[in-house]
Amino acid sequence: MKYQHENDTNKFVELFSEFTGISKKKLIDFLKDNTVHNLLNHPFSLQGITEKQREKIESLKSLNKLCRNFEIFKDKYALVSSNACGEYHVNLFKNKDKESFVLTLADSQNNVIKSITVQQGTINESPVYPREIVKLALMYDASQVFLAHNHPGGSLKPSNSDIETTKRISAALRTVNISVTDHIIVSDDKFYSFAEHGLSYLFVSSVSEEPSAYKSVRDKISEAKNKAAKQDNAKNHNHKSIDKER
Amino acid sequence: MIYKKLEEILGNPSDYVDGSKDKELERIVKLIADILDIEASALYPYFYQHGLSGIIKNPTLIESLHDKDINKLSNLFELLKLINE
C-alpha cells in the first residue's frame, strides 16, 4: 500500500468499498500485497468479486482516466489571504454537524499539501494533542500549518480553550521550525480568522505554562551541562596540581 | 508564428475540434451518474454551467441533488483524489 498515513489507507478502503460493494476486509487483505494500481487495472486478481462489482471498478478506472485529462486533481489551493483560508475551511466543514478540529498542512508557497481531521467531538472535552500535530507536520514535510475547527450552529468567538490550544500547538511546532499561520473558526458559512483579528501574537508568544514534557527535557539538559562543567573544573584542578608538583 | 499567437490566445486548438472537451465532460458526467446510481440528466446542466473543477470544489452547486447524493458525490471526488495521490 502506498499511503504514508494510516488514515488515508482507511479512508481509501472505506470509500472504495462504498462505491463497489466489495467488503472492507477483502480490500484490506488484497492491499497488503498489492497496490491501488493493481486494484484498478487488474480487478480479476481480486478473488470472489461479482460481475457488477467488477463493472463498478471499470467505471471508476475510466472516470479516473478521464478526470486526469482535465488535471483537476493536480490543482493546488493557495491560502494566500485570511479570506482564501476562511473560504477553503468553510467548504471543508460543509455538511459536518459534529465539532471537528482540522489541521491543514502547507508548503512555503502557501499551497495546501493536505487537510487532516485530527479530532472529532467536543474539543473542550477531548484535547488536541500537539505531539500528534508535530508528527503529522513533519511526516508531510510542511513549512507552515493552518488550524481550523467548527462551532456547529454556535458563535464564531474563540473561547479560552481555543486560545490555549492555539498557544500550545504553536509552541510545540516552533520547536521544529514550523509556523502556525492562522486559526480559523467556522460556523455555518461564516468564519473567524485569528490573524485577521490581530491574534497572530498567539502563534509566536510563549505559553503561559510550560508543558511538563518540555520542562523535564530542559531540566535534564541543564543537569547534564552542570555535570559536564563540574567535570571540566575537576580536570583543570588536577592538571594544575600536577604542574605544581613538577 | 500566427498559429502560435492564436494558440496562446485561444489555448490548444484540439480542445475545440468537435467539442472534444465537452464530449469528455459528457462521458465523465455519465460515469459519475452510473457510479452513484442517479440520472445523468440531473447532473448535466450544473456540470456545463460550473465546469468539472467548480463542482469538485463545491458539489452543493448541484441543487437538484438531495444531501445524501451530494455526500456521495463528495466522497467519490475524495476517492479519486486518494487514487491520484
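What you see is a predicted model, and the numbers here were worked out from it, not measured in a lab.

Let us now look at the pairing of strand β2 (residues 112-120) of chain A. Residue and element names in this part refer to chain A. For strand β1 (residues 100-106) and β2, the ladder comprises 7 bridges, and the chain directions are antiparallel. Bridge pairing in β2 places Ser100 opposite Gln120. The turn joining β1 and β2, which pair antiparallel and follow one another in sequence, is formed by 5 residues; a positive phi near 70° is taken by Asn110.

Now for the nonpolar core. Counting residues in hydrophobic clusters, the biggest one holds 29 residues, and the most contacted among them are Val145(A), Phe146(A), Leu147(A), Leu173(A) and Ile184(A). The set of elements that each furnish at least two residues to this core consists of α5 (82-92), β1, α6 (130-139), β3 (144-150), α7 (160-174), β4 (179-187), β5 (190-193) and α8 (201-204) of chain A. With 5 residues, β1(A) is the single largest residue contributor to this core. For Phe146(A), the residues in contact, after removing those within four places along its chain, are Leu79(A), Cys85(A), Thr104(A), Ala106(A), Thr181(A), Asp182(A) and Ile184(A). Counting 25 residues, the second largest nonpolar core, distinct from the first, contains Phe16(A), Leu31(A), Leu43(B) and Ile83(B).

What follows concerns the interface of chain B and chain A. Of the residues lining the interface, 23 residues belong to chain B; the matching set on chain A comes to 25 residues. Breaking the side of chain B that touches chain A down by element, the ones donating at least two residues are α2 (20-36), α3 (44-57) and α4 (67-84) of chain B. Element by element, the count of residues in the side of chain B that touches chain A is highest for α4(B), at 10 residues.

Residues and elements named next belong to chain A. Direction vectors running N to C along α6 and α7 enclose 45°, while the axes themselves pass 9 Å from each other. Comparing their axes, α7 and α6 come out oblique. In this structure, the crossing between α6 and α7 has a hand that is right-handed. Across from Pro130, Ile133, Val134 and Ala137 in α6, the residues of α7 making contact are Arg168, Ile169, Ala172 and Leu173. Residues of the contact of α6 with α7, tallied by class, amount to 7 nonpolar, no polar and 1 charged.

A word on the sheet that holds β5(A). Residue and element names in this part refer to chain A. Pairing is mixed across the open sheet formed by 5 strands, whose spatial order is β2-β1-β3-β4-β5. Looking along the sheet, the strands with just one partner apiece sit at the ends: β2 and β5. With strand direction ignored, the average angle separating the axes of adjacent strands in the sheet is 20°. Sheet topology note: the β4/β5 ladder contains 4 bridges and is antiparallel. Following the sheet pairing, Ile185 is matched in β5 by Tyr192.

What follows deals with the environment of Asn71(B). Along the chain, the position of Asn71(B) falls in helix α4. Asn71(B) sits 11 residues away from Thr60(B) along the chain, and the two C-alpha atoms are 9.0 Å apart.

Let us now look at α7(A). Residue and element names in this part refer to chain A. With 15 residues, α7 extends 21 Å between its outermost C-alpha atoms, agreeing within 8% with the 21 Å of an ideal straight helix rising 1.5 Å per residue. Those residues of α7 lying buried are Asp162, Thr165, Thr166, Lys167, Ile169, Ser170, Ala171, Ala172 and Leu173. Residues of α7 that are buried in the fold lie against α6, β3, β4 and α8.

The next point concerns the confidence of the model for chain B. It should be kept in mind that the predicted coordinates are not to be read in detail where pLDDT is low. All names here are of chain B. The predicted model of chain B averages 75 in pLDDT, with 74% of residues at 70 or higher. Mean pLDDT across the elements of chain B ranges from a minimum in helix α1 (residues 2-10), with 49, to a maximum in α4, with 87. A low-confidence stretch, residues 9-20 (pLDDT under 50), is modelled with 5 contacts involving residues beyond four sequence positions or located in other chains. Note on the complex model: pTM 0.47, ipTM 0.72.

In this section: unusual backbone geometry. For Asn110(A), which is not glycine, the phi torsion reads 70° and is therefore positive. By secondary structure assignment, the location of Asn110(A) is in the loop between β1 and β2. Here the phi dihedral of Asp37(B) falls at roughly 55°; this positive angle occurs in a residue that is not glycine. Its place among the elements puts Asp37(B) in the loop between α2 and α3.

The rules behind these values
- Residues numbered from 1 in each chain as written.
- Chains lettered and ligands numbered in written order.
- Predicted model: local features only at pLDDT ≥ 70, side-chain atom pairs only at ≥ 80, totals over all residues.
- Pairing = 2+ DSSP bridges.
- Helix = DSSP H or I, 4+ residues; strand = E, 2+ residues; numbered from the N terminus.
- Core = buried A, V, L, I, M, F, W, Y, C linked by C-beta atoms within 7 Å.
- Buried ≥ 20, exposed ≤ 12 C-beta atoms within 10 Å, placed from the backbone.
- Contact = placed C-beta atoms within 7 Å.
- Axes fitted to C-alpha atoms, helices over the stretch in contact; angles between N-to-C directions.
- Parallel < 35°, antiparallel > 145°, perpendicular 65-115°, else oblique.
- Left-handed = near helix turned anticlockwise from the far one by under 90°.
- Nonpolar A, V, L, I, M, F, W, Y, C, P; charged D, E, K, R; others polar.
- Expected span 1.5 Å × (residues − 1).
- pLDDT = per-residue confidence, 0-100.

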